[in-house]
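Notes for the structure review
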Amino acid sequence: MKQKVFFIVVFLSSFWVSAQNEQLAFNYIEAGEYEKAITVLEELYTKNKQVYADKLLDCYQQLQQYDKALKLINELKLKFNNPTLIVDEGYVYQLQKKQVEADRKYEEALNEIDKNANYAYTMGSVFERKVLLEWALKAYERGQKINANLNFDYQTALLHGQLGNLGLMLEKLLDYGYKNQENTPLVQNQLSRFLMDDADGSFAKEIKKGLLLKTQQSQDTYWNQFLSWYFVQHKEYGKAFVQEKAVYKRNPDSFYNIVTLARMAMEEKQHEDAKTILTFVLENTQDQDLQIQAHHFLLSMAIEAAAANEYVALDLKAQELLKKFGITPYSLELQLLTAHFEAFYLKQPERAIAILKNALLLPLNVREQSKIKMELGDIMMYDEKFNQAILNYAQVEENLKNDVLAHEASLKLAKANFYKKDFEWTLQQVKNLKQSPSLLIANDAVELFLLIQDNSAEDSLRVALQAYAKADFQLYQKKNEEALQSFLTILEKHKGESIEESTLFKIARLFEDKKEYATALRYYQILLDQHKEGIYIDEALFFSAEVYRKYLLDNEKAKLLYEKMVLEHPDSLYYTESRKHYRALRGDTSI
């Protein structure tokens, strides 16, 4: 028994020392200390040739110890029947600039595929790792030629892409996706990567042209769905809808794709396309869930776009829908929307709270209850019942830990403390939210953190910050005129202070909402001129461009601003949208 225990202890000690040495060698390699790495790896190699050979060979090559590298390869060739070692041998010659010998070895490696076509995959992979792309292509193509059952279409497509043959890559990827439809998301992900680097929009044109041809040549709905995906990437939801309708006519089970498309159009504020799609939904379904969703989306868009004199009619519409579909868990989103409308638009928080408390009596899951609690918090905050609002947000945090909704509740909790002017507590909360997985929440948290921090350093009494919190709360309550006057007063009293930057941005946005575009642009321009290193510079550029494009119809000025966004602010939340509009204004998206 003692001998057995002794053997186990010795074995584990040996294993632990070996693992330590291995990590030491890897650390040396990462630090570029190849000579030290070789000393450790040579010892490890004697114990396990197969595991450490690649690392040892790489170190020899890094130090240009080519004789040792070739000796190691020949030793491995005698011990292992691995034809990829021939590629390694050729690569050592290439490093020595002996290209003739290198090419000879690469050809010899390809000849091994003639003996066994299954070598094509490993051979091609080795060539790829050494960035010998043409040779990798030859390996895959030779394997597929010898054995037609082998399929390297995906690998060869990507190689063509890396070699700059984008047209050929696209053709092969589309064919591969059609033959292996379960891998379509993989194909689309690769196309998305190339689209991101498509500076002049030429590849986007190729994709669109290729997919349009496929839909004309084939009746298979696969190509309509692929073309719909393409239009969604460019946020052209109306065009995507045309394709999804074609799919639906032949496959009614695809109806939910149309509903999803409507939701995306709404999120991107493309209201006309969203209305068209939702109208189609209501005309083509008896499914009550889908009807409720469609009515909810249409009503929320109508509320967002409505003037004050339309509120009574919209209230009647909301009550009519609740009567039609009943107060049930299925109509919860309609109930939440109605409550929000009652409080923030009709200024009836008591009626809104009654609706929500009644909803809490329904048999709901935790997430649905949390949505009600979130809306209750919003309305309590609107009604200046900050402590009750904080309690509701805290319950959402507790019930949905690590969920995006919980992060949203945390940000709102921080905002409630901000409006209470409890700035120290707000700072503590937003510190954690700066790492939120939601970019929007993280961005808002950073802005709030910097606002408090910057304006506390120069003003210990936080006079400007307190005035700003009050103005921002008026904005939250949709008292836009009062908020505008408050922000203008802050700008007048605290000109040149840190609070100025955030205040200018708020004023510009409020004038834009009032459709006073020239005034809005003037304030955006002050931001661009006087706060070039500020955190709102990308917003000022983007929203100025949007004003010129959407309202003043001055495409040249809009294009210049979008271009500046694309070139100077690639990390901005507005980068993708700016790039899309910049290309459109240059004419890149037309065929």
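Placed above this text is the structure.
As a starting point, this report considers the structure included with it.

What counts and how
Residues numbered from 1 in each chain as written. Predicted model: local features only at pLDDT ≥ 70, side-chain atom pairs only at ≥ 80, totals over all residues. Heavy atoms only, no water. Helix = DSSP H or I, 4+ residues; strand = E, 2+ residues; numbered from the N terminus. Rg over C-alpha atoms; globule rule 2.2 N^0.38 Å. Buried < 20%, exposed > 50% of the residue type's maximum accessible area, 1.4 Å probe, protein only. Contact = heavy atoms within 4.5 Å. Areas by Shrake-Rupley, 256 points an atom, 1.4 Å probe, with all protein chains shown as cover. Arc of directions from axis to C-beta. Phe/Tyr/Trp six-rings, centres within 6.5 Å; stacked < 30°, edge-to-face > 60°. Lys NZ or Arg CZ within 6 Å of the ring centre and 35° of its normal. Polar contact = N/O pair within 3.5 Å; in protein donor to acceptor, adjacent residues only side chain to side chain. Expected span 1.5 Å × (residues − 1). Salt bridge = Lys/Arg side-chain N within 4 Å of Asp/Glu carboxyl O.

**Considering the overall build of the protein chain**
Across its full length, the protein chain holds 32 helices and zero strands. Its C-alpha atoms give the protein chain a radius of gyration of 32 Å, more than 25% over the compact-globule value 25 Å for 591 residues. Counting only C-alpha atoms, the protein chain reaches 85 × 65 × 65 Å along its principal axes. Taking all 591 residues of the protein chain together, the buried fraction comes to 48%. By sequence separation, contacts in the protein chain at least 24 residues apart represent 51% of the contacts at least 6 residues apart. If you sum the accessible surface of the protein chain, you get close to 31100 Å²; carbon and sulfur atoms cover 50% of it.

**Points about the environment of K77**
Turning to its location among the elements, K77 is positioned in helix α4 (residues 66–79). Judged by relative accessible area, K77 falls into the partly exposed class, the value being 31%. Considered as a pair, K77 and H340 are 263 residues apart in the sequence and their alpha carbons are 74 Å apart.

**What to know about helix α20 (residues 349–359)**
Those residues of α20 not exposed but buried are P349, A352, I353, L356 and A359. Looking straight down α20, one finds its buried side chains confined to an arc of 120°; they lie on one side. In this structure, the buried residues of α20 make contact with α19 (332–344) and α21 (366–382).

**Some details on the packing of aromatic side chains**
According to the stated counting rule, one finds 38 aromatic pairs in the structure shown. Each member of the aromatic cluster is reached from another via a ring pair, and the members are F344, Y382, F386, F418, Y419, F423, F473 and Y476. We note K55 situated over the ring of F26; from NZ or CZ to the ring centre the distance is 5.2 Å.

**Some remarks on the environment of R549**
Within the secondary structure layout, R549 lies in helix α30 (residues 537–551). What R549 contacts, discounting residues up to four positions off in sequence, is N555, A558, Y562 and H581. A distance of 2.9 Å separates a polar atom in the side chain of R549 from a polar atom in the side chain of Y562.

**Things to note about unusual backbone geometry**
For residues besides glycine, phi is generally negative; the peptide bonds are generally trans as well. Its identity is not glycine, yet R462 carries a phi of approximately 55°, on the positive side. On the secondary structure map, R462 appears in the loop between α25 (439–457) and α26 (463–476). Looking at R462, the relative accessible area reads 14%, which means it is buried. The backbone of L553 sits at a positive phi, close to 55°, despite the residue not being glycine.

**Some thoughts on helix α17 (residues 288–305)**
Here α17 is 18 residues long and its end C-alpha atoms lie 26 Å apart, about the 26 Å a rise of 1.5 Å per residue gives. Contacts made by the buried residues of α17 are with α15 (255–267), α16 (271–283), α18 (311–325) and α19.

**Some thoughts on the pattern of salt bridges**
Applying the stated criterion across every chain, the model contains 34 salt bridges. We note a salt bridge from K47 to E43, for which the minimum N-O separation is 4.0 Å. Of the two residues, K47 and E43 are both situated in helix α2 (residues 34–47); the distance of four residues between them amounts to about one turn of the helix. What makes E43 partly exposed here is its relative accessible area of 45%. Ionic pairing is found between E320 and K317, a salt bridge with its closest N-O pair at 3.9 Å. Pair noted here: E320 and K317 are both in helix α18, with a separation of three residues, about one helical turn. The exposure class of K317 is partly exposed, given its relative accessible area of 32%.

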